[in-house]
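# A structural walkthrough
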2 protein chains.
Amino acid sequence: MDAITTKNGTIYFDDEAYYKLRLHLKENKYSKIFILVDENTAKHCLPEFRANMGGKFNFETIQINSGEINKNIETCMEVWQKLSQLDADRRSLLINLGGGVITDLGGFAASTFKRGIDFINVPTTLLAMVDASIGGKTGVDLGVLKNQIGVFNSPQMVLVVPDYLSTLDQRQLNSGFAEMMKHGLIASGSYWTSLKKVDSFENMDKLIYESLTIKNDIVMQDPEEKNLRKILNFGHTFGHAIESYSLEENNLPPLLHGEAIAIGMILEAFLSNRTMGLGMYQLEDIKSEFNKRFKKVDFTDDDVEKIVELLKFDKKNTRGSINFVVLKRIGDTIIDNKIPKELFHEAFSYYKD
Amino acid sequence: MDAITTKNGTIYFDDEAYYKLRLHLKENKYSKIFILVDENTAKHCLPEFRANMGGKFNFETIQINSGEINKNIETCMEVWQKLSQLDADRRSLLINLGGGVITDLGGFAASTFKRGIDFINVPTTLLAMVDASIGGKTGVDLGVLKNQIGVFNSPQMVLVVPDYLSTLDQRQLNSGFAEMMKHGLIASGSYWTSLKKVDSFENMDKLIYESLTIKNDIVMQDPEEKNLRKILNFGHTFGHAIESYSLEENNLPPLLHGEAIAIGMILEAFLSNRTMGLGMYQLEDIKSEFNKRFKKVDFTDDDVEKIVELLKFDKKNTRGSINFVVLKRIGDTIIDNKIPKELFHEAFSYYKD
């Protein structure tokens, strides 16, 4: 597949990816090369990565604990301290080998170490491939609040190697698939239709490529999220709150990002129906597609109260009002839509129904 | 005095400064305005600042503890959490009212909160006025290592109001004066000569203005410190190591930034004499000027060992070699000069002599 040119770097695929990386390392003569991994990617991905680099480079490994719960400043401190102890300097490189936690946190650590060193992302989960690999967002959570601390900064390059997907279980693949479905909902009815037909996650290369192209087109037009780019937040206003809540409170099982935004998309599709005329048939289509792939979560009234309370911390909010991205129809989106809070509870009722 | 246009913002002076800030706040309609202070500026500067803003704006105050020792990620966390609790959003503004710790840390906190909110610096120390107010460097220390974590990002505007200097003691004024002397040494022999005549810190406006102009000229030519800008690090390679060491170890009294770089400049002037032909007369002139204004520090051989060990963490170092900025003559500087370690101990002997 052809490389995709993003705002500040390029995404390479499969074998070409490793080739381009080897070339980049030869040309750039970094003083040291670090690879950030967690215990999972250290075991399942690092050997393959090393093998494909041909043994010609020296890598220092920095390992952190996996999981969204560790995507915080404390883990960032560990990475900074490790870089410092291992004599990283401004001409060093950090390669982030892992899922979204690794690429987001590693990107932030690199962007702020000595006021910024180069970094390269090698996403190993479906979610990170189709979402975190484009867009120049780096960051960590602040307590329960997702991605509150971060900067906009792009990796030198991104390598998308779908082989790494074989290391994932079904639940993680589903989580990434939710973001792909979002790309269909916000920008392409025909892509949405293709995704509905998917019943196995083998040979996903072309579909991944299409997701990346959709996201990249959007980000290129509005890199700093002033307008258009906000459509990528469809399902995420509720999704982030639900995800945070599920990780923080013991009332719900901890949800993966994609699982949370799948619910968020049903809720926000409902809001779209009530405020922007998204047709009932399309609303039902969305709900049934997500419910087919994701187990229903049983929210109590108390859960709903607390999730709604969390919405006010959403980064997209200004002046105390909560802005939603809504669908006019599948593939066509409207941003900055203020929605009365009364509808929030109705949305949950519709989801639970 | 005329405003100075920097790379990404403008520096305003005295009364015009307050006027321009009031205008900026009216035009920008920030959702909330926060002021970051420490216990000193809360007491000595905030009332004057508020009085000059004319009571038309609502400010929320965030207070941190003063001192370099608190310029760390933990304090940053406090600021982020406070911003979060007080419902700061992406359209909020942070005004940093204080010395270099406040402007560096506040700038970093703002640059990373929700991936970046606007900030404005109001330096209240001489050091922050002539140094931290230009250049777009933000950051915090990592343990003993100065400014290891940060980003390049410029405030929307900088207000330089020399009235605030009346709140400082002689030692703090001297510390700032060391940076002004550095500007003479690296870029202007005639400015150096003017500064040598200064025997009181009243009416410093014109001299401050000249320092800012020198620094701004340099930064405008090389904002990201690829080449020319490195000359601003004269005295800072040893200076930072000495400052860190004095704060961390109990062997020495804790030094202010300017006190440490004054020593650094004598040491690096000595290296300049030995490797780049800085004349003996000028070397002696530099040493005697700094010794006139700063108390000599009594380093033991063990202190010197440990300070030299710290040099390897300097951000300017690459591939394990230590790069110095050296003087060819007063007002004329050379960057990226690798110096054999043997000379380091000789430099300390010269200082102690």
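Here the structure is a predicted model, which means the values were calculated and not measured.

We now examine the state of the cysteines. The final tally for this structure, using the stated rule, is zero disulfides over all chains. Take Cys76 of chain A: it sits in no disulfide, and the sulfur closest to it among the cysteines is that of Cys76 of chain B, at 11 Å.

This brings us to the pattern of salt bridges. Going through the model one piece at a time under the given rule, you end up with 36 salt bridges over all chains. One salt bridge connects Arg90 of chain A with Glu225 of chain B, and the closest N-O pair in it is separated by 3.7 Å. With Arg90 of chain A in the loop between helix H4 (73-85) and strand E5 (93-98) and Glu225 of chain B in the loop between helix H9 (205-221) and helix H10 (236-248), this pair bridges two chains. Across the salt bridge formed by Lys196 of chain A and Asp285 of chain A, the nearest N and O atoms sit 3.1 Å from each other. Of this pair, Lys196 of chain A sits in helix H8 (residues 189-196) while Asp285 of chain A is found in helix H12 (residues 280-293), placing the two residues 89 residues apart along the sequence. The partly exposed category is assigned to Lys196 of chain A, whose relative accessible area is 27%. Residues participating in the shared-partner salt-bridge network are Arg90 of chain A together with Lys137, Glu225 and Arg229 of chain B.

All right, on to the packing of helix H7 (residues 170-187) of chain A against helix H11 (residues 257-276) of chain A then. Residue and element names in this part refer to chain A. Remark: H7 packs on H11, axes separated minimally by 7 Å, with the N-to-C direction vectors making an angle of 40°. H11 is crossed by H7, and the crossing has left-handed handedness. For the pair H7 and H11, contact is made by Arg171, Ser175, Ala178, Glu179, Lys182 and Leu185 and by His257, Gly258, Glu259, Ile261 and Met265, respectively. Class assignment for the residues of the contact of H7 with H11 results in four nonpolar, three polar and four charged.

Now for the relation of the copies chain B and chain A. Expressed as a screw transformation, the operator carrying chain B onto chain A has a rotation angle of 180° and an axial translation of 0.0 Å, and the superposed copies differ by an RMSD of 0.0 Å. Given the turn and translation reported, the copies of this chain are related as if by a two-fold rotation axis. Relative to the rotation axis, the closest C-alpha in chain B is found at Ile73 of chain B, a distance of 4.1 Å. By residue overlap, the copies meet face to face through one surface: 100% of the interface positions of chain B are interface positions in chain A.

Further remarks concern unusual backbone geometry. Glycine aside, residues mostly have negative phi angles, and peptide bonds mostly take the trans form. All names here are of chain A. Of note in this structure, Asp14 is not a glycine but carries a positive phi near 45°. With a phi close to 45°, Lys29 is a non-glycine residue in the positive phi region. You can see Lys29 is positioned in the loop between helix H1 (14-28) and strand E3 (33-38). Overall, Lys29 belongs to the exposed group, its relative accessible area being 57%.

The residues that UniProt annotates with the feature "domain: 3-dehydroquinate synthase N-terminal" (unreviewed entry) are residues 62-174 of chain A. Taken end to end, residues 62-174 of chain A comprises 34% helix and 24% strand; its first and last C-alpha atoms sit 28 Å apart.

All right, on to the pairing of strand E11 (residues 332-338) of chain A then. All names here are of chain A. Bridging between strand E10 (residues 323-329) and E11 involves five bridges; their strand directions are antiparallel. Paired with Phe324 across the strands is Asn337, a residue of E11. The turn joining E10 and E11, which pair antiparallel and follow one another in sequence, is formed by two residues; a positive phi near 95° is taken by Gly331.

A few words now on the packing of aromatic side chains. All chains considered together, the criterion is met by 30 aromatic pairs over all chains. The interplanar angle of 50° and the centroid separation of 6.3 Å between the aromatic rings of Trp80 of chain A and Phe108 of chain A together place this pair among those described as tilted. A residue pair is termed long-range when its members are at least 10 positions apart, and Trp80 of chain A in helix H4 and Phe108 of chain A in helix H5 (residues 100-112) qualify at 28 residues. With 5.3 Å between their ring centres and 85° between their planes, Phe299 of chain A and Phe348 of chain A make a pair best called edge-to-face. Of this pair, Phe299 of chain A sits in the loop between H12 and helix H13 (301-310) while Phe348 of chain A sits in helix H14 (residues 342-352), and the two are 49 residues apart along the sequence. For Phe299 of chain A, a relative accessible area of 2% corresponds to the buried category. Accessibility expressed as a relative area gives 1% for Phe348 of chain A, which makes it buried. Geometry around Tyr351 of chain B places Lys296 of chain B over its ring, the cationic atom sitting 5.9 Å from the centre.

Reading the values: rules and limits
Residues numbered from 1 in each chain as written. Chains lettered and ligands numbered in written order. Predicted model: local features only at pLDDT ≥ 70, side-chain atom pairs only at ≥ 80, totals over all residues. Heavy atoms only, no water. Disulfide = S-S within 2.5 Å. Salt bridge = Lys/Arg side-chain N within 4 Å of Asp/Glu carboxyl O. Helix = DSSP H or I, 4+ residues; strand = E, 2+ residues; numbered from the N terminus. Buried < 20%, exposed > 50% of the residue type's maximum accessible area, 1.4 Å probe, protein only. Axes fitted to C-alpha atoms, helices over the stretch in contact; angles between N-to-C directions. Left-handed = near helix turned anticlockwise from the far one by under 90°. Contact = heavy atoms within 4.5 Å. Nonpolar A, V, L, I, M, F, W, Y, C, P; charged D, E, K, R; others polar. Least-squares fit on C-alpha atoms with pLDDT ≥ 70 in both. UniProt positions renumbered as here; feature names shortened; annotations may be inferred. Pairing = 2+ DSSP bridges. Phe/Tyr/Trp six-rings, centres within 6.5 Å; stacked < 30°, edge-to-face > 60°. Lys NZ or Arg CZ within 6 Å of the ring centre and 35° of its normal.

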